[in-house]
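# Tertiary structure, described
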Amino acid sequence: MTTTSPHIPLDGLELGLDTFGDVSVDLDGNTVGYAQVIRNVVEQGVLADSLGVDFFGVGEHHRDDFAISAPEIVLAAIAAATSRIHLGTAVTVLSSDEPVRVFERFATLDAISRGRAEIILGRGSFTESFPLFGFDLADYERLFDEKIDLLHALLAEGPVTWEGSTRAPLTNQHVYPKTESGSIRTWVGVGGSPESVVRAARYGFPLTLAIIGGAPARFAPYVDLFHRALAQLEQPDLPVAVHSPGFIADTDQEAADILWPHQKAMFDRIGKERGWGPMTRDDFEREIAEGAQHTGSPETVARKIADTVRTLGIQRFDLKYSAGTIPHEHLMHAIELYGTVVIPRVRELLAADAGS
């Protein structure tokens with residue numbers, strides 16, 4: 001079964017936005033409550049739709065620096081207030097979830113959105129959901145392997161007979177609701193594992209590369225591996241997307257200055273948990289100049305996105321526009337610049353390449 005759908009041609013490009021619903025501050029530096037952060041994300045998704053952004057992705061986390069632990073509910077609120085933007089997760093942490101419930105929730109979102117729901121499956125970059133839901137981290141690999149296998153079967157929307165070691169078997173079981181189109185586009189998010197790339201190809205899932213540090217060009221071998229694996233497995237060719245961080249303001253300096261304190265605070269907090277050293281301003285500036293940060297003025301960001309698209313030959317680019325405690329007002333302005341200036345400029349730059 002192939003889960004790609006026709007609205008991304010392999011020779012085309014979609015441009016989207018991702019957020020994790022980071023707990024933010026207001027313009028005076030006061031912490032914004034979880035409820036208001038969630039309402040702000042809904043407002044951001046509605047704005048993205050009105051500006052012609054192609055996709056809006058919402059992450060799933062279970063820790064105190066993020067407000068969104070149930071992304072499908074947030075996406076349903078956005079779906080009810082929009083008409084065209086595709087809506088999905090960034091990512092669904094399948095290892096600690098229940099595949100039957102994942103299908104049911106997304107089939108429901110697909111109904112509310114009239115066919116605009118997407119799933120991006122992954123193992124996530126944090127592990128808090130494992131003890132929270134009673135899973136053993138020692139089963140990390142087995143949980144994901146079995147659950148992606150079951151979800152793949154469920155996405156065919158027919159009767160499912162399946163057996164594994166992580167949950168009770170299913171015998172000729174239907175799951176409801178069914179979708180109107182008979183499918184939900186489902187991607188696999190990969191952070192740099194060749195085995196994960198091949199797994200996505202084996203199941204016929206499009207690939208999303210999470211490029212959060214270093215030069216995007218270093219991921220070119222994974223794109224090549226994905227297409228070679230699809231060919232060898234006799235699967236049709238499928239889209240590849242990139243998820244990368246960035247921030248847009250009116251000038252390069254303003255973008256860097258707004259982002260810097262929030263990025264540093266977020267990086268240093270996570271780094272303390274994982275044994276990294278603190279981020280320096282030189283590290284930050286280097287990542288903007290040479291790495292995965294698509295940060296700057298609209299022209300700078302458009303040129304860097306176009307370069308990433310050219311280098312990797314991808315069909316979608318999703319800018320992770322939120323980072324740490326950046327105020328909602330700055331995020332809304334970044335979305336406005338992305339939709340009104342960056343997206344048209346990216347398309348202009350790539351069209352010029354095609355015509356030369």
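Just above sits the structure.
Now for a description of the structure that goes with this document. (Residues numbered from 1 in each chain as written. Predicted model: local features only at pLDDT ≥ 70, side-chain atom pairs only at ≥ 80, totals over all residues. Heavy atoms only, no water.)

### Comments concerning the pairing of strand S3 (residues 86-89)
- Because side chains alternate across S3, one face comprises the buried residues His86 and Gly88, and the other comprises Leu87 and Thr89, equally buried.
- As paired strands, strand S2 (residues 55-58) and S3 are joined by four bridges and run parallel to one another. Bridging from a neighbouring strand, Phe56 pairs with Leu87 of S3.
- The handedness of the S2 to S3 crossover, carried by helix H2 (residues 71-80), is right-handed.
- Where S3 meets strand S5 (residues 117-122), two bridges bridge the pair, whose relative direction is parallel. (Buried < 20%, exposed > 50% of the residue type's maximum accessible area, 1.4 Å probe, protein only. Helix = DSSP H or I, 4+ residues; strand = E, 2+ residues; numbered from the N terminus. Pairing = 2+ DSSP bridges. Right-handed = clockwise from strand over helix to strand, strands pointing away.)

### Topic: the packing of H2 against helix H3 (residues 99-113)
- Relative to each other, H2 and H3 sit at 10°, their axes nearing to 9 Å. Classified by the interaxial angle, the pair formed by H2 and H3 is roughly parallel. Of the residues in H3, those touching H2 at Glu72, Leu75, Ala76, Ala79 and Ala80 are Arg105, Phe106, Leu109, Ile112 and Ser113.
- For the contact of H2 with H3, a count of residues per class yields seven nonpolar, one polar and two charged. (Axes fitted to C-alpha atoms, helices over the stretch in contact; angles between N-to-C directions. Parallel < 35°, antiparallel > 145°, perpendicular 65-115°, else oblique. Contact = heavy atoms within 4.5 Å. Nonpolar A, V, L, I, M, F, W, Y, C, P; charged D, E, K, R; others polar.)

### Focus on the nonpolar core
- Counting residues in each nonpolar core, the largest one holds 100 residues, and the members touching the most others are Leu17, Phe56, Leu209, Phe226, Phe247, Ile305 and Tyr338.
- Residue contributions to this core peak at eleven residues, all from helix H11 (residues 328-355).
- Non-local contacts of Leu209, meaning those with residues more than four positions away in its chain, are made with Val190, Phe219, Tyr222, Val223, Val240, Ala241, Val242 and His243.
- Within the second largest apolar cluster, six residues are counted, among which are Val91, Ile120, Trp187 and Ala241. (Core = buried A, V, L, I, M, F, W, Y, C linked by side-chain atoms within 4.5 Å.)

### Quick notes on unusual backbone geometry
- Following Ala90, the chain continues to Val91 via a peptide bond in cis, the omega torsion being 10°.
- Structurally, the position occupied by Val91 is in the loop between S3 and strand S4 (92-93).
- A cis amide bond links Tyr176 to the next residue, Pro177, at an omega of 5°.
- Assignment of secondary structure puts Pro177 in the loop between strand S7 (170-173) and strand S8 (185-190).
- Non-glycine residue Glu157 carries a positive phi angle of around 65°.
- As for its position among the elements, Glu157 is in the loop between helix H5 (140-154) and strand S6 (160-162).
- Assessed through its relative accessible area of 12%, Glu157 is described here as buried.
- At Glu234, a position not held by glycine, the phi torsion is positive, near 60°.

### Some points on the side chain of Asp65
- Looking at where Asp65 falls in the secondary structure, it is placed in the loop between S2 and H2.
- At 2.7 Å, the side chain of Asp65 and the side chain of Arg63 are in polar contact.
- Each residue touching Asp65, except ones within four places of it in the same chain, is listed here: Asp22, Val23 and Arg269. (Polar contact = N/O pair within 3.5 Å; in protein donor to acceptor, adjacent residues only side chain to side chain.)

### Looking at the environment of Ile270
- In this structure, Ile270 sits in helix H8 (residues 252-274).
- For Ile270, a relative accessible area of 11% translates into the label buried.
- With 144 residues separating them in the primary sequence, Ile270 and Phe126 have C-alpha atoms 9.7 Å apart.

### A short note on helix H10 (residues 298-312)
- Taking 1.5 Å of rise per residue, the 15 residues of H10 would be expected to cover 21 Å, and the 21 Å separating its terminal C-alpha atoms lies within 8% of that figure.
- For H10, the complete set of buried residues consists of Pro298, Val301, Ala302, Lys304, Ile305, Ala306, Thr308, Val309 and Leu312.
- A positive phi of about 65° marks Gly313, the residue just after H10. (Expected span 1.5 Å × (residues − 1).)

### Quick notes on the pattern of salt bridges
- The final tally for this structure, using the stated rule, is 27 salt bridges.
- In this structure, the salt-bridge partner of Asp224 is Arg228, at a minimum N-O distance of 2.8 Å. Here Arg228 and Asp224 lie together in helix H7 (residues 220-232), a separation of four residues that amounts to about one turn.
- The class of Asp224 is partly exposed, set by a relative accessible area of 43%.
- For the salt bridge of Asp283 with Arg286, the shortest nitrogen-to-oxygen distance reads 3.3 Å. Taken together, the positions of Asp283 and Arg286, both in helix H9 (residues 281-290) and three residues apart, correspond to about one turn of that helix.
- Relative accessible area serves as the criterion here: at 31%, Asp283 is assigned to the partly exposed category.
- One network of salt bridges, with partners in common, ties together Glu14, Glu118, Arg185, Arg316 and Asp318. (Salt bridge = Lys/Arg side-chain N within 4 Å of Asp/Glu carboxyl O.)

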